[in-house]
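What follows is the residue order along each chain.
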Amino acid sequence: MIDIIAGARPNFMKIAPLIKELRKRKKFKYRLIHTGQHFDSNMSKAFFDDLKLPKPDIHFKITGKTHSEQTGQIMNAYEKVLKKNSPSLVVVVGDVNSTLAASIVAKKMQVKVAHVEAGLRSKDFTMPEEINRILTDSISDFFFTTTKLASENLINSGFKKKNIFHVGNLMIDSLKQSIKNFENPKLLKKYNLEEKDFLILTIHRPNNVDNKKNFNNLLHKISKAAKGKKIIFPIHPRSKKNLSNLQVFSKNLKILNPLPYNEFIFLLSKSKGVLTDSGGITEESSYLNIPCITLRDNTERPETEALGTNFLIGSNPSQKNLKNSLDLMFSGNWKSKNKIPKWDGQTAERICNVLDKLIL
């Protein structure tokens, strides 16, 4: 039996195609364990519905607010599960607290761990995700990577090549499988939007939103540089909390609750471009050939810059840099995507082929 651990929005998009493939191969037995790390219904239930994920076999409903509370509560809950019924392999995905917590418990209870999306590195230790990635990789037994560079990062860190598998990107599997659900012209009408004449904004990382004054200034700078174009901002619960005491005067900034997966991807595909601090959205926009400005100083996904449509502008860009970047986007001269190896919608199949050998 395999345990598949998920708890946050990016996890759901990665496990959906994997579970679909596992269900096709009836010899696999698995448990889907939802830690509850993203407790907001718009960040969790809506994604289960959109991605046609089965109801979790186990749901921890974790309520911890801080990183330590979340990690500790997940570890405590998962240890109880493993004491009753231990699997032969635990599959963790991404770089959230759920990923690290389940990995630690599994290893201490002598259960092998497979890390999906292993080997990503930003080299920025102010990011909780970077700490989670490195610690999870350090105790994992098997590594599924999205790119050759991620595999090289692991090899250079001393991990054995035979345990590293360059399989591609599960996010792209979800994207390709959901394309048929994208057409929803009512959404454009709902928000009074013209195709290719509006922007998407997503910001949630601590260094962008935790300082309320800086967060407010960043929103004003973006709004001004957008030259009146409408900006759709589906707000993350963390950002919403830190926006509560701010006054955003920009008429072109429309703040929404988090959107279901299909709605967000539809709007992204119809937008002029996106400004974000999300790693996953840089992958999605690159695949869809949508211009992407990343409000970060570094990225663990350099292939989205080298081969995709992503461009890093920094977490505290000047008004001039924002204006120049958006002017280039509006001019239609933004760089186009190139093919990224194995980002082809067949990653789940490759992973299951490897799991088949590992389990046997």
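Scroll up for the structure.
As a starting point, this report considers the structure included with it.

Basis of the calculations
- Residues numbered from 1 in each chain as written.
- Predicted model: local features only at pLDDT ≥ 70, side-chain atom pairs only at ≥ 80, totals over all residues.
- Heavy atoms only, no water.
- Helix = DSSP H or I, 4+ residues; strand = E, 2+ residues; numbered from the N terminus.
- Rg over C-alpha atoms; globule rule 2.2 N^0.38 Å.
- Contact = heavy atoms within 4.5 Å.
- Areas by Shrake-Rupley, 256 points an atom, 1.4 Å probe, with all protein chains shown as cover.
- Lys, Arg positive; Asp, Glu negative; His and termini not counted.
- Charge placed at Lys NZ, Arg CZ, Asp CG, Glu CD.
- Core = buried A, V, L, I, M, F, W, Y, C linked by side-chain atoms within 4.5 Å.
- Buried < 20%, exposed > 50% of the residue type's maximum accessible area, 1.4 Å probe, protein only.
- Pairing = 2+ DSSP bridges.
- Axes fitted to C-alpha atoms, helices over the stretch in contact; angles between N-to-C directions.
- Parallel < 35°, antiparallel > 145°, perpendicular 65-115°, else oblique.
- Nonpolar A, V, L, I, M, F, W, Y, C, P; charged D, E, K, R; others polar.
- Phe/Tyr/Trp six-rings, centres within 6.5 Å; stacked < 30°, edge-to-face > 60°.
- Lys NZ or Arg CZ within 6 Å of the ring centre and 35° of its normal.
- Salt bridge = Lys/Arg side-chain N within 4 Å of Asp/Glu carboxyl O.

**Examining the overall build of the protein chain**
Link 1 in the chain: Along its length, the protein chain carries 16 helices and 13 strands.
Link 2 in the chain: For 360 residues, the compact-globule formula gives about 21 Å, and the C-alpha radius of gyration of the protein chain, at 20 Å, lands near that figure.
Link 3 in the chain: Principal axes of the C-alpha set define a box for the protein chain whose edges measure 60 × 40 × 40 Å.
Link 4 in the chain: Sequence-distant contacts in the protein chain: of pairs separated by 6 or more residues, those separated by 24 or more amount to 68%.
Link 5 in the chain: Here the protein chain has roughly 15,900 Å² of accessible surface; of this, 51% comes from carbon and sulfur atoms.
Link 6 in the chain: Averaging the locations of the 59 positively and 34 negatively charged side chains of the protein chain gives two centres separated by 2 Å.

**Description of the nonpolar core**
Link 1 in the chain: Core analysis: the biggest nonpolar cluster contains 56 residues, and I4 and L267 have the highest contact counts within it.
Link 2 in the chain: Residue contributions to this core peak at 7 residues, all from helix α1 (residues 9–24).
Link 3 in the chain: If near-sequence neighbours (up to four positions away) are discounted, I4 is found in contact with I15, L18, I19, L22, Y30, R31, L32, I33 and V91.
Link 4 in the chain: One finds L219, I222, I231 and I293 within the second-largest nonpolar core, a separate group that totals 24 residues.

**Focus on the sheet that holds strand β3 (residues 58–59)**
Link 1 in the chain: Taking strand neighbours across the sheet as the criterion, the 7 strands line up as β3-β2-β1-β4-β5-β6-β7 in an open arrangement whose pairing is parallel. Since the sheet does not close on itself, it has two edges, and those belong to β3 and β7 (164–166), each with one partner.
Link 2 in the chain: Examined bridge by bridge, strand β6 (residues 142–145) and β7 share 3 bridges and lie parallel to one another. Among the inter-strand pairings, F143 is bridged to a residue of β7, identified as I164.

**Brief notes about unusual backbone geometry**
Link 1 in the chain: One non-glycine residue with positive phi stands out, namely K196, at about 60°.
Link 2 in the chain: On the secondary structure map, K196 appears in the loop between α8 (185–190) and β8 (198–202).
Link 3 in the chain: One non-glycine residue, K342, adopts positive backbone phi at about 70°.
Link 4 in the chain: Mapped onto the elements of the fold, K342 is located in the loop between α15 (319–331) and α16 (347–359).

**As for the environment of N184**
Link 1 in the chain: On the secondary structure map, N184 appears in the loop between α7 (170–178) and α8.
Link 2 in the chain: What makes N184 partly exposed here is its relative accessible area of 26%.
Link 3 in the chain: Each C-alpha atom, one on N184 and one on L267, is 9.0 Å from the other, the two residues being 83 residues apart in sequence.

**Here we look at the packing of α7 against helix α12 (residues 261–270)**
Link 1 in the chain: For the pair α7 and α12, interaxial distance at closest approach is 11 Å and the crossing angle is 85°. It follows from the interaxial angle that α7 and α12 lie roughly perpendicular. In this structure, α7 contributes M171, S174, L175 and S178 to the contact, and α12 contributes Y261, N262 and I265.
Link 2 in the chain: A breakdown of the residues in the contact of α7 with α12 according to their chemical character gives 4 nonpolar, 3 polar and no charged.

**Structural notes on the packing of aromatic side chains**
Link 1 in the chain: Taken as a whole and judged by the stated rule, the model has 4 aromatic pairs.
Link 2 in the chain: Ring plane angle 50° and centroid distance 6.5 Å describe the contact between F60 and Y78, whose orientation is recorded as tilted. In this pair, F60 sits in the loop between β3 and α3 (67–84) while Y78 sits in helix α3, placing the two residues 18 residues apart along the sequence.
Link 3 in the chain: On the basis of relative accessible area, F60 is assigned to the buried category, the value being 16%.
Link 4 in the chain: Looking at R9, its charged tip hangs above the ring of F264, at a distance of 5.5 Å from the centre.
Link 5 in the chain: In this structure, K229 packs its charged tip against the face of F330, placed 5.3 Å from the ring centre.

**Some points on the sheet that holds strand β10 (residues 253–256)**
Link 1 in the chain: Sheet architecture is open: 6 strands sit in the order β10-β9-β8-β11-β12-β13, paired in parallel fashion. Looking along the sheet, the strands with just one partner apiece sit at the ends: β10 and β13 (310–312). Taken pair by pair, the neighbouring strands of this sheet meet at an average axis angle of 20°, ignoring direction.
Link 2 in the chain: Sheet topology places strand β9 (residues 230–234) next to β10; 4 bridges connect them, and they run parallel. Note that in β10 the partner of P234 across the bridge is L256.
Link 3 in the chain: Each of β8, β11 (273–276), β12 (292–294) and β13 is contacted by helix α13 (residues 279–288), which is oriented at about 165° to β11, the strand it contacts most.

**Concerning the pattern of salt bridges**
Link 1 in the chain: This structure, assessed with the given rule, holds 20 salt bridges.
Link 2 in the chain: Among the salt bridges present, the one from K14 reaches E117, with a minimum N-O distance of 3.0 Å. Of this pair, K14 sits in helix α1 while E117 sits in the loop between β5 (112–116) and α5 (128–139), and the two are 103 residues apart along the sequence.
Link 3 in the chain: A relative accessible area of 4% places E117 in the buried class.
Link 4 in the chain: Ionic pairing is found between K229 and D197, a salt bridge with its closest N-O pair at 2.5 Å. Residue K229 is located in the loop between α10 (212–225) and β9, and its partner D197 is located in the loop between α8 and β8; the two are separated by 32 residues in the primary sequence.
Link 5 in the chain: For D197, a relative accessible area of 35% translates into the label partly exposed.

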